[in-house]
Amino acid sequence: MIAMKILNNMKAVKVFICLMIFSIPGWAQSSTDNPIASQLKKIKGKGILFGHQDDLAYGIGWEYQEGESDVKRVAGDYPALFGWELGSIELGNAYNLDSVPFDQMRSLAIKAHKMGGINTFSWHPYSAVNEESSWDKQAVVVKYIIPGGVHHEAFKKQLDQVAVFFKSLKDDEGKQVPFIFRPWHEMDGNWFWWGNGRCTKEEFKALFSFTVSYLRHEKGVSDMLVAYSPDRNFKSSEEYYQWYPGDELVDIMGVDNYYDLKQENGELEAIKKLHIVINEAKNKNKLAAFTETGLENVKDPTWYSQKLGKVLNDPIISKELSYVMVWRNDQDVHFFFPYPGHPAAEDTKLLLRSPNILLLNDFNQLK
Ligand code: BMA
């Protein structure tokens, strides 16, 4: 009798805890309910989604022209994944640091979603300490903006701007557009103020963890998958995890890698690293992605087939990787995808039209 009572009380406590947890905004939905996660899980093994940063915004010789896309110009269809950059939203600016108006970004991201594509956001913020740029070599930032730091409140205000933008991504019915957020990327490199040598690993993890928890739980940002994407500076799983903030925060295990794909036979290194990422994603029942790559100004006309293609056609990678994304096409700064008439255009088209690579129509047919 007493044992029964204790059991019933324990049950009541459990139910109470569950109700408490699910009443916190953003917690009710686990990332497995996220439509992007279910789509990516469904198509796993059928091909790798191809992505391009700023694809619908501008390209070589055009900007903000309805329906345009350099990927479409070269390969005949839109990418399946669309990358966007939030840097300078934290300053309250109307344009990002690459001059993309946030109003345009919002409508293009919503459009990409309506067409069936997936949106992913990176963020190169100016610091909440002194507005130093992400690449500032002198700036010491992280320890001052994490909880307990003197600029923590200012950092929260920056995140508030990010939250407002994410929550403004609504479809015609007013429903939140799902998306991927990939904060604090390439932390194992030493070029960003959140990177190696610029903060401790513990400070980094506190930064990542606060960012995601604040957006999800304090600001109620929902339908957000989070990607962890170090650069290529690891040779083992242990090294890959050095900056990893925790299973409860991360949905997509990623890697950025430009460097290896510029070296002779470097594709072998890139493959090894993606195998580590894939293996860990499998161990943790998460998704694996090649979150950024490319060759600046596509200087090698066979880079797409001979470097990227070799990586993507590796038997393990072709079965296990969810997506790959190449960087933006800015005619004044640099470009990573060819344009019609560029010496790499035909080679790139061949790779993108191969059965293993999924553009938007392929993706829409499979999901
Ligand atoms: C970098 C470069 C910069 C750009 C930044 C954020 O890799 O493309 O020109 O400002 O990304 O998009």
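Structure first, text after, so check above.
To start, this report covers the structure provided alongside it.

Further remarks concern the packing of aromatic side chains. For the structure shown, the criterion picks out 30 aromatic pairs. Between Y228 and Y244 the ring centres are 5.2 Å apart and the planes differ by 75°, which places this aromatic pair in the edge-to-face class. One end of the pair, Y228, is in strand 7 (residues 224-228); the other, Y244, is in the loop between helix 8 (237-240) and strand 8 (252-256), and 16 residues separate them in sequence. Of the two residues examined, Y228 and Y244, each falls in the buried class. The cationic tip of K367 hangs over the ring face of F363; the distance from NZ or CZ to the ring centre is 4.2 Å.

It is worth spelling out the site of the ligand at this point. Near the ligand the following residues occur: E85, L97, D98, H124, W135, W327, R328, V333 and H334. The side chain of D98 places a nitrogen or oxygen atom 2.5 Å from an oxygen atom of the ligand. Between the ligand and W327, the relevant distance is 2.9 Å, taken from an oxygen atom to a side-chain nitrogen or oxygen of the residue. Starting from 310 Å² of accessible surface for the ligand in isolation, the protein chains cover 79%.

So, on to helix 7 (residues 201-218). Between its first and last C-alpha atoms helix 7 spans 24 Å; for 18 residues at 1.5 Å apiece the expected length is 26 Å, and the two agree. Residues of helix 7 that are buried: E203, F204, L207, F208, F210, T211, V212, Y214, L215 and R216. Looking at the buried side of helix 7, the elements it contacts are helix 5 (142-145), helix 6 (152-167), strand 6 (179-181) and strand 7.

Before going further, it helps to examine the pattern of salt bridges. Enumeration over the complete set of coordinates arrives at 21 salt bridges. One salt-bridge network, held together by shared partners, links K235, D260, E269, K272 and K273.

Its place among the elements puts L312 in helix 10 (residues 303-312). Between the C-alpha atom of L312 and that of G254, which follows or precedes it by 58 residues, the distance is 14 Å. What L312 contacts, discounting residues up to four positions off in sequence, is I48, I317, S318, L321, V324, N356 and I357.

At a minimum axis distance of 10 Å, the contact between helix 6 and helix 7 shows a crossing angle of 50°. One way to sum up the angle between helix 6 and helix 7 is to call them oblique. Here helix 6 runs over helix 7; the crossing is right-handed. Between helix 6, through H152, F155, K156, L159, D160, V162, A163 and F166, and helix 7, the contact on the second element is made entirely by L207, F210, T211, Y214 and L215. Taken together, the residues that form the contact of helix 6 with helix 7 break down as 9 nonpolar, 2 polar and 2 charged.

Another aspect to go through is the nonpolar core. Membership of the largest hydrophobic core comes to 95 residues, with the highest contact counts inside it found for F50, L86, F121, F166 and L308. With residues near it in sequence (within four places) discarded, L308 still touches F50, L261, F290, T293, W303, V324, V326 and L351. Residues L287, A289, Y323 and F363 belong to the second largest nonpolar core, which totals 21 residues.

With 5 of 5 residues buried, strand 5 (residues 118-122) is to be regarded as a mostly interior element. Residues of strand 5 alternate between two faces, with I118, T120 and S122 on one and N119 and F121 on the opposite face, all of them buried. Where strand 4 (residues 81-85) lies against strand 5, 5 bridges are found, and the strand directions are parallel. Residue pairing across strands places L81 opposite I118, the latter belonging to strand 5. Once the chain exits strand 4 it traverses helix 4 (residues 102-114) before rejoining the sheet at strand 5, and the crossover so formed is right-handed. Relative to strand 6, strand 5 runs parallel, the two being bridged by 2 bridges. From the neighbouring strand, T120 faces strand 6, where its bridge partner is I180.

Another aspect to go through is the pairing of strand 9 (residues 287-293). Among the 7 residues of strand 9, 7 are classified as buried, and the element is accordingly described as predominantly covered. Inspection of the sheet shows strand 8 paired to strand 9 by 5 bridges, in the parallel sense. Bridge assignment links I252 to a residue of strand 9, and that residue is L287. For the crossover that starts at strand 8, traverses helix 9 (residues 266-283) and ends in the parallel strand 9, the hand is right-handed. Taken together, the 3 bridges between strand 9 and strand 10 (residues 323-326) define a ladder with parallel strand orientation. Within strand 10, the residue paired with F290 across the bridge is V324.

At a minimum axis distance of 8 Å, the contact between helix 10 and helix 12 (residues 345-352) shows a crossing angle of 35°. Between helix 10 and helix 12, the residues in contact are W303, Y304, S305, L308 and G309 and D347, T348 and L351, respectively. A breakdown of the residues in the contact of helix 10 with helix 12 according to their chemical character gives 4 nonpolar, 3 polar and 1 charged.

On to the environment of R106. Mapped onto the fold, R106 is located in helix 4. With relative accessibility at 24%, the residue R106 sits in the partly exposed group. Separated by 64 residues in sequence, R106 and K170 have C-alpha atoms that sit 9.0 Å apart. Aside from chain neighbours lying at most four places away, what touches R106 is F165, S168 and L169.

Rules and cut-offs
The residue count restarts for each chain, going from 1 along the sequence in the order it is written. Thresholds applied to this predicted model are a pLDDT of at least 70 for local features of residues and 80 or more for the giving and counting of side-chain atom pairs; totals over whole chains, interfaces and linings are not thresholded and use all residues. Side-chain descriptors were evaluated using all non-hydrogen atoms of the structure, hydrogens and water having been removed beforehand. Here is the rule: rings of Phe, Tyr and Trp (six-membered ring for Trp) pair when centre to centre is within 6.5 Å. Planes less than 30 degrees apart are stacked, more than 60 are edge-to-face, and the remainder are tilted. The helix and strand labels rest on DSSP assignments: H or I over at least four residues marks a helix, E over at least two residues marks a strand, and numbering proceeds from the N terminus. Categorising residues by exposure relies on relative accessible area from a 1.4 Å probe, with only protein chains included: less than 20% of the type maximum marks a residue as buried, more than 50% marks it as exposed, and the intermediate range marks it as partly exposed. The criterion for a charge sitting over a ring is simple: Lys NZ or Arg CZ within 6 Å of the ring centre, and within 35 degrees of the ring normal. Here a residue is near a molecule or strand as soon as one of its heavy atoms is found within 4 Å of it. Residues adjacent in sequence count toward polar contacts only when both atoms are side-chain atoms; beyond that, a polar contact is any pair of N or O atoms within 3.5 Å, and within protein one must be able to donate a hydrogen and the other to accept it. Here the accessible surface of atoms and residues is derived via Shrake-Rupley with a 1.4 Å probe, and residues count as covered only by protein chains that are part of the display. An expected span of 1.5 Å times one less than the residue number is assigned to each helix. Here, residues are in contact when the closest pair of their heavy atoms is within 4.5 Å. The working definition used for a salt bridge is a side-chain nitrogen of Lys or Arg within 4 Å of a carboxyl oxygen of Asp or Glu. To get an axis, fit a line to the C-alpha atoms, keeping to the stretch in contact for a helix; angles then go from 0 to 180 degrees between the N-to-C directions. In what follows, roughly perpendicular refers to angles from 65 to 115 degrees, roughly parallel to angles under 35, roughly antiparallel to angles over 145, and oblique to any angle outside these ranges. When the near helix sits turned anticlockwise from the far one by under a right angle, the crossing is termed left-handed; a clockwise turn instead gives a right-handed crossing. Gly is placed with the polar residues, together with every amino acid not listed as nonpolar (Ala, Val, Leu, Ile, Met, Phe, Trp, Tyr, Cys and Pro) or charged (Asp, Glu, Lys and Arg). Residues enter a nonpolar core if they are buried and are Ala, Val, Leu, Ile, Met, Phe, Trp, Tyr or Cys, with the set joined through side-chain atoms within 4.5 Å. We call two strands paired when DSSP finds no fewer than two bridges between them. A crossover counts as right-handed when, viewed with the strands pointing away from the observer, the path leading from the first strand over the helix to the second turns clockwise.

The values reported here are purely geometric and, on their own, carry no functional implication.
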